[in-house]
Amino acid sequence: MIKHYLKTALRFLKQNKVFAGINALGLSIALAASFIILLFVINELSYDHCHKNSKRVFRVLNYYEDFKKTMSGTPYILAKALKEEFPEIEKAIRVRPMRGFKLKLKDEMINVPNAMATDSDIFDIFTLPLIMGSSHQNLLEDQNSIVLSRDLASKLFPGQNPVGKEIVGLANNQEHNFIVKGVFENIPKNSTLRAQCFLNSRWTIDPINKAFGINNADKSWTHDFWFTYVLLLKDTNAKMLENLFRAFEIKNISEKPHNHYSLQNLRDVYLGSDDVANTGISGNMSNVRLFSAIAFLIVLVAAFNYIILSTAVSSVRAKEIGIRKTYGAGNDSIKNQLLSESILLALFVLPVSMLMMWLCLPYAGKLFQTQLIIIKSNIIIYVSVYLALTIIIGIASGIYTSGYLSGLKVIDILKNTTQSGKRKLILRSSLIVIQLVIFCSFVASTLIIRSQYQYALKKDPGYYNSDILLIDLGRDFKGYSSYINNIKSNPNVIMAAGVMDGLPMLGSMSFMYPSFQDKTVQVNVEGFDVDYNFIKTMGITLLKGRDFSEEFGSDLTKSAILNETAVKRLGITDPVGKQIADKTIIGVVRDFNLHSIHSDIPPLEIAMTDKYINQVVVHYKPGTLKSILPMLETEWKKVAPERPFNYSTIEEVIKDLYSSEKNLTVIVSIFALFTLIIASFGLFGLTLFVARSRTKEIGIKKVFGSPEQSIIYSFLRGNFILVTLAALISVPVTLHFMLNWLKNFSYKVSINWWVFALAFIVAEVVVLLTIFVHSYKASRINPVDALRYE
């Protein structure tokens with residue numbers, strides 16, 4: 001039976017090459033675009049599913065009551081305390097990156113960017129298979145133990161078994177001998193745990209002790225610099241366990257703890273951490289939903305194309321079906337055969353679509369701001385989803401036509417009543433309108449997103465957004481004072497200063513201060529640490545008081561400058577000279593965008609620092625960047641020859657800050673183009689079939705003196721109305737989605753009428769040109785040939 005359906009379907013597709021070809025083009029483009037999107041979606045949704053215990057693994061989160069923020073950082077002691085307190089916790093570990101860790105390869109120290117200090121149980125919690133080494137247990141028990149990934153082991157010990165061998169490493173700026181205790185399989189790409197090697201967790205205690213002038217970081221409950229992961233026993237209810245944490249906090253922190261711990265399942269870490277600060281590797285669920293919706297719309301347009309063209313050729317099929325029914329064919333048999341045609345066509349284009357997807361992956365990866373790769377553990381999912389989508393689009397494309405044609409009565413076919421086409425015309429017109437609504441919405445959305453992107457780049461942030469260079473110092477930079485004094489002497493350097501994190505600031509740190517009007521009200525104030533001359537270097541406007549000055553020795557530790565918002569929120573009148581905590585307010589600056597325009601300007605306290613200078617900001621004379629760069633690098637090599645000279649202009653930083661908006665503009669534009677191409681294929685084919693069906697009518701009109709322009713106009717008029725209707729419907733659709741999208745920004749553009757007008761014009765021009773090609777050809781047919789046409 002199936003063999004018969006396939007043979008019949010193949011015969012029909014061969015006989016109707018135009019129909020098959022146009023649909024094949026539309027389907028291949030739609031499937032290729034959808035496959036790329038689905039690759040991205042599957043990879044995003046599968047994060048951390050590669051770890052067998054992922055359903056039982058939880059990350060401990062830390063909610064700061066004072067700051068109203070959830071953080072991923074927890075104290076070192078927490079893992080051990082949780083394991084001892086709760087029998088439901090099978091294993092618990094702490095994890096912290098080892099910054100600046102290096103290993104010696106031959107005579108050279110090489111950077112190991114993803115070195116993690118942790119505990120031996122990490123191999124069981126994350127189910128990391130060992131390929132060399134005796135056992136998971138106690139692998140990191142000794143402080144000088146190290147476990148390498150397969151790739152790192154191959155690089156350091158090519159062709160050898162490294163277990164038991166010594167290797168020199170640089171940890172906390174000192175050389176130490178490490179013993180290789182094992183080699184683990186490379187961690188899959190779709191894991192939030194990224195590590196090239198693991199070391200004992202005690203290596204991270206000393207840096208925290210030194211940074212904060214303490215000696216008990218391993219026992220402190222207030223220094224939250226470690227990730228904590230726990231493995232729960234099977235059938236443990238995580239929510240019920242969480243409820244027991246309140247008594248645990250009172251017992252270990254204080255009677256009125258300001259920190260509250262909670263559990264986040266490992267599978268939720270990547271896409272469910274939007275409100276978690278310093279979460280590490282994370283994705284965006286909004287992007288997953290957006291791109292899934294785009295894929296659905298493209299597939300929908302392709303399916304509509306099939307239906308539109310199928311209804312156009314239905315008159316030809318009606319005769320065939322009438323004959324088959326006369327010879328006893330049943331409705332189900334005809335329906336199945338028609339469905340098999342659409343499914344077979346979809347399966348035919350599957351290899352072409354896969355090839356197109358493969359060729360486009362490198363370019364798509366740049367747009368999606370991620371590496372689009374085939375992950376081995378997801379191959380079965382890819383194959384299943386791609387095959388299912390292909391069959392679904394085949395069924396969706398053929399289900400209406402098969403139902404309509406199989407239901408025709410033989411008597412109606414013989415009387416030719418099936419060709420009276422109001423129902424078919426309404427259906428075709430409706431589907432064309434939906435296609436054009438999707439296209440117009442894409443075009444208008446692209447223009448709105450682009451307008452918002454341009455606005456973000458050009459908006460005055462309240463500081464210099466050009467002729468500023470940011471030089472990365474890194475941690476523990478020793479020659480800062482010498483370097484900044486040397487570069488300031490250059491005549492092309494207007495001013496230079498140090499800062500913990502340059503503008504626009506990506507991270508954040510906050511303090512809670514009582515309102516000056518009501519001491520019971522706490523105000524969340526962000527902190528911003530700078531060096532002398534930073535405000536002047538960045539062109540931030542000082543409204544009251546003075547800037548930080550070396551003439552006042554107390555400025556380094558006892559002075560603060562507030563922005564306008566902080567003064568308002570704290571309810572301070574005449575702020576200069578007032579005390580805020582242990583600092584004196586010495587000035588007020590005009591509000592400026594501390595972060596991106598996604599967020600409001602926060603209350604801000606600017607303070608001095610001489611310990612945490614991570615960047616140097618250089619304000620240079622316009623047009624002199626190329627001439628000062630060699631000087632800046634030369635001076636750098638004098639004070640830090642072992643460190644790379646890394647810099648970026650503020651224009652580059654701002655563009656990177658809004659790169660997702662730029663890429664979204666390109667992505668939506670490309671998919672708008674795909675939608676238009678697919679819809680145009682359908683309109684081209686529809687016009688071809690309609691022109692053929694109207695051949696006699698056109699011949700009669702020409703015999704009676706109808707001019708070519710009138711015939712062309714008859715084709716264009718109906719489609720002009722359809723495009724106009726689609727453009728009007730697209731306005732509220734676009735407004736709904738774009739107004740919701742713009743809610744992500746505190747500062748935004750208004751939506752102008754011209755974006756909808758331009759979308760209408762583009763759609764109108766493309767559609768009418770497509771229709772014109774065949775209508776012009778049809779209008780020039782010889783009346784004699786037209787009257788003979790069957």
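Draft legend 1. Quick peek at the overall build of the protein chain. Counting secondary structure elements, the protein chain contains 26 helices and 26 strands. Within the protein chain, the fraction of its 790 residues that count as buried is 51%. A total accessible area of about 38,000 Å² is found for the protein chain, and carbon and sulfur atoms account for 57% of it.

Draft legend 2. Summary view of the pattern of salt bridges. Summed over the entire model, instances satisfying the criterion amount to 14 salt bridges. Close ionic contact of Arg-246 with Glu-249 constitutes a salt bridge, the shortest N to O distance being 2.7 Å. In this pair, Arg-246 and Glu-249 are both assigned in helix α8 (residues 245-252), three residues apart and thus about one turn of the helix distant. Residue class for Arg-246 comes out partly exposed when judged on its relative accessible area of 33%. A salt bridge links Lys-637 to Glu-633; the nearest nitrogen and oxygen atoms lie 3.9 Å apart. In this pair, Lys-637 and Glu-633 both sit in helix α20 (residues 625-639), four residues apart, roughly one turn of the helix. Within the structure, one salt-bridge network assembled from shared partners comprises Lys-91, Asp-121 and Asp-124.

Draft legend 3. Region of the structure containing the nonpolar core. Grouped together as the largest cluster of nonpolar side chains are 114 residues, with contacts concentrated most on Leu-503, Phe-528, Phe-534, Met-538, Ile-540, Phe-592 and Ile-606. The residues contacting Met-538, other than those within four sequence positions of it, are Tyr-463, Tyr-464, Ile-468, Leu-503, Val-617 and Ile-650. Ranked by size, the runner-up nonpolar core spans 22 residues in total, among them Phe-126, Val-147, Phe-184 and Phe-227.

Draft legend 4. Summary view of the pairing of strand β25 (residues 615-620). Burial within β25 is extensive, with six of its six residues counted as buried. By the alternation rule, side chains of β25 split into Gln-615, Val-617 and His-619 and Val-616, Val-618 and Tyr-620, which are all buried. For strand β16 (residues 468-472) and β25, the ladder comprises five bridges, and the chain directions are antiparallel. Residue pairing for β25: Asp-472 is matched across the bridge by Gln-615. Pairing analysis gives six bridges linking strand β17 (residues 493-499) to β25, with the strands arranged antiparallel.

Draft legend 5. Local environment of the environment of Ile-580. Summarising the element assignment, Ile-580 is placed in strand β22 (residues 579-580). On the basis of relative accessibility, which here comes to 2%, the residue Ile-580 falls in the buried class. In the structure, Ile-580 is positioned 64 residues away from Phe-516 in sequence and 9.3 Å away in space, judged by C-alpha atoms. With sequence-adjacent residues up to four places away left out, Ile-580 is seen in contact with Tyr-513, Leu-562, Leu-570, Ile-585 and Glu-605.

Draft legend 6. Here's a closer look at helix α16 (residues 480-488). By the burial criterion, the buried members of α16 are Tyr-480, Tyr-483, Ile-484 and Ile-487. All buried residues of α16 fall inside an arc of 90° around its axis, so they share one side. On the buried face of α16, the contacting elements are β16, β17, β25 and α20.

Draft legend 7. Representation of the pairing of strand β4 (residues 89-97) within the structure. In terms of burial, β4 is largely enclosed, as seven of its nine residues are buried. Note: β4 against strand β13 (residues 224-232), six bridges, orientation antiparallel. In the sheet register, Ile-89 faces β13, and the bridge partner there is Leu-232.

Draft legend 8. Spatial organisation of the packing of helix α3 (residues 78-85) against α8. Remark: α3 packs on α8, axes separated minimally by 12 Å, with the N-to-C direction vectors making an angle of 120°. Considered as vectors, α3 and α8 are oriented oblique to each other. As α3 runs across α8, the sense of the crossing is right-handed. Residues Leu-78, Ala-81, Leu-82 and Glu-85 of α3 lie in contact with α8, whose contacting residues are Phe-245, Phe-248 and Lys-251. Its residues placed into classes, the contact of α3 with α8 shows five nonpolar, no polar and two charged.

Draft legend 9. The arrangement of the side chain of Ser-680 in detail. On the secondary structure map, Ser-680 appears in helix α22 (residues 659-693). Residue classification places Ser-680 among the buried positions, given a relative accessible area of 16%. A polar contact of 2.7 Å, which involves the side chain of Ser-680, links it to the backbone oxygen of Leu-676.

Draft legend 10. Spotlight on helix α12 (residues 331-367). At Leu-361, α12 shows its strongest bend, of approximately 55°, with the proline Pro-362 following within four residues. Following α12 by one or two positions, Gln-369 adopts a phi angle in the positive range, close to 55°.

Draft legend 11. Representation of unusual backbone geometry within the structure. Cis geometry marks the peptide bond from Leu-503 to Pro-504; its omega dihedral reads -10°. Considering the arrangement of structural elements, one finds Pro-504 in the loop between β17 and β18 (510-514). Here Asp-48, not a glycine, exhibits a phi torsion of approximately 70°, which is positive. Here Asp-48 lies in the loop between α2 (17-45) and β1 (57-64). When its relative accessible area of 0% is taken as the criterion, Asp-48 is described as buried. If you check the backbone angles, Asp-574 has positive phi at about 50° while not being a glycine. Note that Asp-574 resides in the loop between α19 (564-570) and β22.

Draft legend 12. Examining a nonpolar patch on the surface more closely. Taken together, the side chains of Trp-753, Trp-754, Leu-758, Ile-761, Val-762, Val-765 and Leu-769 make up a nonpolar region of the molecular surface, amounting to roughly 690 Å² of accessible area. Note that Leu-758 resides in helix α25 (residues 754-779). Of the residues examined, Leu-758 reaches a relative accessible area of 34% and is grouped as partly exposed.

Draft legend 13. A look at the packing of α16 against α20. Running from amino to carboxyl end, α16 crosses α20 at an angle of 155°, the nearest separation of the two axes being 10 Å. The angle between α16 and α20 falls in the class roughly antiparallel. The hand of the α16/α20 crossing is right-handed. Residues Ser-482, Tyr-483, Asn-486 and Ile-487 of α16 touch α20, and the partners they reach there are Met-631, Leu-632, Glu-635, Trp-636 and Val-639. Counted by class, the contact of α16 with α20 contains six nonpolar, two polar and one charged residues.

Draft legend 14. Structural detail: the environment of Ile-628. Secondary-structure assignment places Ile-628 in helix α20. Classification of Ile-628 by relative accessible area gives buried; the value is 0%. For Ile-628 and Asn-492, which are 136 residues apart along the polypeptide, the C-alpha to C-alpha distance reads 7.1 Å. With residues up to four places along the chain from it excluded, the contact list for Ile-628 reads Asn-490, Asn-492 and Tyr-620.

Draft legend 15. Quick look at the side chain of Ser-201. In this fold, Ser-201 is placed in the loop between β12 (197-200) and α6 (205-212). Apart from residues lying up to four places away in sequence, Ser-201 is in contact with Tyr-76, Arg-94, Ala-117, Thr-118 and Asp-119.

Draft legend 16. The packing of aromatic side chains, seen in detail. Tallied over the entire structure, the rule returns 24 aromatic pairs. Judged by centre distance (5.6 Å) and plane angle (50°), the rings of Phe-86 and Phe-248 are tilted. In this pair, Phe-86 sits in the loop between α3 and β4 while Phe-248 sits in helix α8, placing the two residues 162 residues apart along the sequence. With a relative accessible area of 6%, Phe-86 lands in the buried category. Lying over the aromatic face of Phe-516, Lys-519 brings its terminal NZ or CZ to 5.1 Å of the ring centre.

Draft legend 17. Examining the environment of Gln-579 more closely. In this fold, Gln-579 is placed in strand β22. Classification of Gln-579 by relative accessible area gives partly exposed; the value is 45%. A sequence separation of 21 residues divides Gln-579 from Lys-558, and the C-alpha atoms of the two residues are 9.6 Å apart. Among all residues touching Gln-579, those that are not within four sequence positions of it are Phe-516 and Thr-584. From its side chain, Gln-579 meets the backbone oxygen of Lys-583 in a polar contact 3.3 Å long. Engagement of the side chain of Gln-579 in a polar contact is seen with the side chain of Thr-584, the distance being 2.5 Å.

The rules behind these values
- Residues numbered from 1 in each chain as written.
- Predicted model: local features only at pLDDT ≥ 70, side-chain atom pairs only at ≥ 80, totals over all residues.
- Heavy atoms only, no water.
- Helix = DSSP H or I, 4+ residues; strand = E, 2+ residues; numbered from the N terminus.
- Buried < 20%, exposed > 50% of the residue type's maximum accessible area, 1.4 Å probe, protein only.
- Areas by Shrake-Rupley, 256 points an atom, 1.4 Å probe, with all protein chains shown as cover.
- Salt bridge = Lys/Arg side-chain N within 4 Å of Asp/Glu carboxyl O.
- Core = buried A, V, L, I, M, F, W, Y, C linked by side-chain atoms within 4.5 Å.
- Contact = heavy atoms within 4.5 Å.
- Pairing = 2+ DSSP bridges.
- Arc of directions from axis to C-beta.
- Axes fitted to C-alpha atoms, helices over the stretch in contact; angles between N-to-C directions.
- Parallel < 35°, antiparallel > 145°, perpendicular 65-115°, else oblique.
- Left-handed = near helix turned anticlockwise from the far one by under 90°.
- Nonpolar A, V, L, I, M, F, W, Y, C, P; charged D, E, K, R; others polar.
- Polar contact = N/O pair within 3.5 Å; in protein donor to acceptor, adjacent residues only side chain to side chain.
- Bend = angle between axes of the 7 residues up to and from the residue.
- Patch = residues over 30% accessible without salt bridge, like charges linked within 9 Å, V, L, I, M, F, W, Y side chains within 5 Å.
- Phe/Tyr/Trp six-rings, centres within 6.5 Å; stacked < 30°, edge-to-face > 60°.
- Lys NZ or Arg CZ within 6 Å of the ring centre and 35° of its normal.

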